[in-house]
Amino acid sequence: MKTILKVAVQKSGRLSEASLKLISECGVSFPARIAKLKAQAFNFPVELLYLRDDDIPGYVADRVSDVGIIGENVLLEKGVKLEVVQRLGFSKCRLCIAVPKDFNYQGNTSLQGLNIATSYPRILGDYLEKNGVKAHIHQISGSVEIAPSIGLAEAVCDIVSTGSTLVSNGLVEVETLLKSEAVLVAHPHLEEEKQQILEQLLFRIRSVKAANNNKYILLNAPNEAIDKITSLLPGMRSPTVLPLAQPGWSSLHSVVNEDDFWEVIEKLRQAGAEGILVVPIEKMIL
Ligand code: PRT
Ligand code: ZN
């Protein structure tokens, strides 16, 4: 029988769309999703399992699934030992302690003796223990941010992304326990054939991620500016330089990282670049 790699993804929630988009950008196609629990790809030896995110670490540990995409926060909270084989860069968030805005917070000793509401008792417990703070952890499964206003707790420990939920509940962030993003986790002992499929998938994921983080840039410049402009364009090796029909001018092509994109564009303009075109890259093979 043909070996298939089972990949667990969140059924519906904040990770679902980005997880499926990533898999589809890897050129792996699935039948349209009709409230199914699993689906096999047409063109790659992968089967998707649609699960609740909290169940994914346990299912991968038990080999119900071979790999899974989850928030690192969930992985750490479950305390399941799995290998993070790739950080995926989406669903970025942080786990924070927050207190009412009129609380006179003086560092984590101010948490001593408080009731702290959270859905992350393990991570919070570890943090308090490491910092020698004795507080009462009140575990709740949702709507943590309302706990102080209904008198359930004096502080909360919850996931924050934009921070607007905290603000609208009159809370301020005082400690960051963890920075999280979606990760691909794998069972530590996959059989050889599954490991090979995983390697192929990882190669595609890394190419997609590199492409998303970079832009292809084309510009025109007078020949005397080429050296200066080349020094500003790191590129994959060095920029391509092609002569323009107009004498004394060239066209330069290169790749620029998304993170320092605007800064580089500004410097290129100052160095004499004109007619700058920026184009998305679909795949980038490193
Ligand atoms: O049903 P299932 O169990 O599968 O899903 P879930 O409801 O447990 O999880 P879901 O879909 O809400 O989140 C999945 C993962 O997304 C989390 O484990 C995090 O890794 C990640 N993530 C990213 C977030 C957020 N951003 C986020 N903002 N998870 C939750 N939130 C919540 C947070 O709990 C708080 O209520 O959003 C609110 C704060 O958002 P801001 O933008 O107002 O700060
Ligand atoms: Zn969940």
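Residues numbered from 1 in each chain as written. Chains lettered and ligands numbered in written order. Predicted model: local features only at pLDDT ≥ 70, side-chain atom pairs only at ≥ 80, totals over all residues. Heavy atoms only, no water.

1. What to know about the overall build of the chain
On a plain count of helices and strands, the chain comes out with eight helices and 15 strands. Radius of gyration (C-alpha) of the chain: 24 Å, far over the 19 Å computed for a compact globule of 286 residues. If you line up the chain on its principal axes, its C-alpha atoms span 75 × 60 × 35 Å. Residue burial in the chain is summarised as follows: out of 286 residues, 46% are buried. (Helix = DSSP H or I, 4+ residues; strand = E, 2+ residues; numbered from the N terminus. Rg over C-alpha atoms; globule rule 2.2 N^0.38 Å. Buried < 20%, exposed > 50% of the residue type's maximum accessible area, 1.4 Å probe, protein only.)

2. A short note on the domain arrangement of the chain
Under the domain assignment used here, the chain contains domain 1 (5-90 + 181-211), domain 2 (93-180) and domain 3 (214-280). Taken over C-alpha atoms, the centre of domain 1 sits 30 Å from the centre of domain 2. Tallying the contact residues gives nine residues for domain 1 and nine residues for domain 2. Interface area, domain 1 with domain 2, both sides summed: about 710 Å², of which 52% is carbon and sulfur. Across the contact surface, domain 1 and domain 2 share zero salt bridges. Per-element tally for the side of domain 1 that touches domain 2: the top contributor is helix α3 (residues 72-78), with six residues. (Domains from an automatic or database assignment. Contact = heavy atoms within 4.5 Å. Buried area = accessible area lost by both parts, 1.4 Å probe. Salt bridge = Lys/Arg side-chain N within 4 Å of Asp/Glu carboxyl O.)

3. Focus on the pattern of salt bridges
The full count for this structure, using the stated rule, is eleven salt bridges. Two residues, Lys-194 and Asp-66, come together in a salt bridge whose shortest N-O distance is 3.0 Å. One end of the pair, Lys-194, is in helix α6 (residues 192-212); the other, Asp-66, is in the loop between α2 (56-61) and β4 (67-71), with 128 residues separating them in the sequence. Neither residue differs from the other here; Lys-194 and Asp-66 are each classed as buried. Across the pair Glu-72 and Arg-87 runs a salt bridge whose closest N-O atoms are separated by 2.8 Å.

4. So, unusual backbone geometry
Here Ser-91, not a glycine, exhibits a phi torsion of approximately 50°, which is positive. Structurally, the position occupied by Ser-91 is in the loop between β5 (83-87) and β6 (93-100). Its identity as a non-glycine residue notwithstanding, Ser-143 has a phi of 45°, on the positive side. In this structure Ser-143 comes out as partly exposed when scored by relative accessible area, which is 45%.

5. Some remarks on the site of ligand 1
Taken together, 21 residues lie around ligand 1, and Arg-52, Asp-54, Asn-73, Thr-162 and Thr-165 are the ones closest in. Asn-73 places a side-chain nitrogen or oxygen 2.6 Å from an oxygen atom of ligand 1. Considered on its own, ligand 1 offers 840 Å² of accessible surface; in the complex 78% of this is hidden by protein. When atoms are counted within 2 Å of each cavity's grid points, the one that captures over half of ligand 1 is the largest pocket. Contributing elements (two or more residues each) for the shell around ligand 1: α3, β9 (155-160) and α5 (164-168). It is β9 that provides the largest number of residues to the shell around ligand 1, a total of three residues. A per-class count over the shell around ligand 1 returns five nonpolar, ten polar and six charged. (Near = heavy atom within 4 Å. Polar contact = N/O pair within 3.5 Å; in protein donor to acceptor, adjacent residues only side chain to side chain. Areas by Shrake-Rupley, 256 points an atom, 1.4 Å probe, with all protein chains shown as cover. 1 Å grid on protein atoms, 1.4 Å probe; cavity = no way out; pocket = protein on both sides within 12 Å on 5 of 7 lines; lining within 4 Å. Sits in = over half its atoms within 2 Å of the grid points. Nonpolar A, V, L, I, M, F, W, Y, C, P; charged D, E, K, R; others polar.)

6. Here's the deal with a nonpolar patch on the surface
On the surface, a nonpolar cluster with roughly 240 Å² of combined accessible area is contributed by Ile-146, Ile-150 and Leu-152. Assignment of secondary structure puts Leu-152 in the loop between β8 (136-139) and β9. (Patch = residues over 30% accessible without salt bridge, like charges linked within 9 Å, V, L, I, M, F, W, Y side chains within 5 Å.)

7. Observations concerning the nonpolar core
If you look at the biggest cluster of nonpolar residues, it comprises 30 residues, and the most contacted ones within it are Leu-5, Val-7 and Leu-184. At the level of elements, β1 (5-10), α1 (16-25), β3 (46-51), β4, β11 (182-186) and α6 are the ones that each hand at least two residues to this core. The greatest single-element share of this core, amounting to six residues, is contributed by α6. Here Val-7 is in contact with Ile-23, Val-46, Glu-47, Leu-48, Leu-49, Ser-65, Val-67 and Leu-201, once residues within four sequence places are set aside. Core analysis: the next-biggest nonpolar cluster, separate from the first, contains 18 residues, Leu-95, Ile-123, Val-133 and Leu-178 among them. (Core = buried A, V, L, I, M, F, W, Y, C linked by side-chain atoms within 4.5 Å.)

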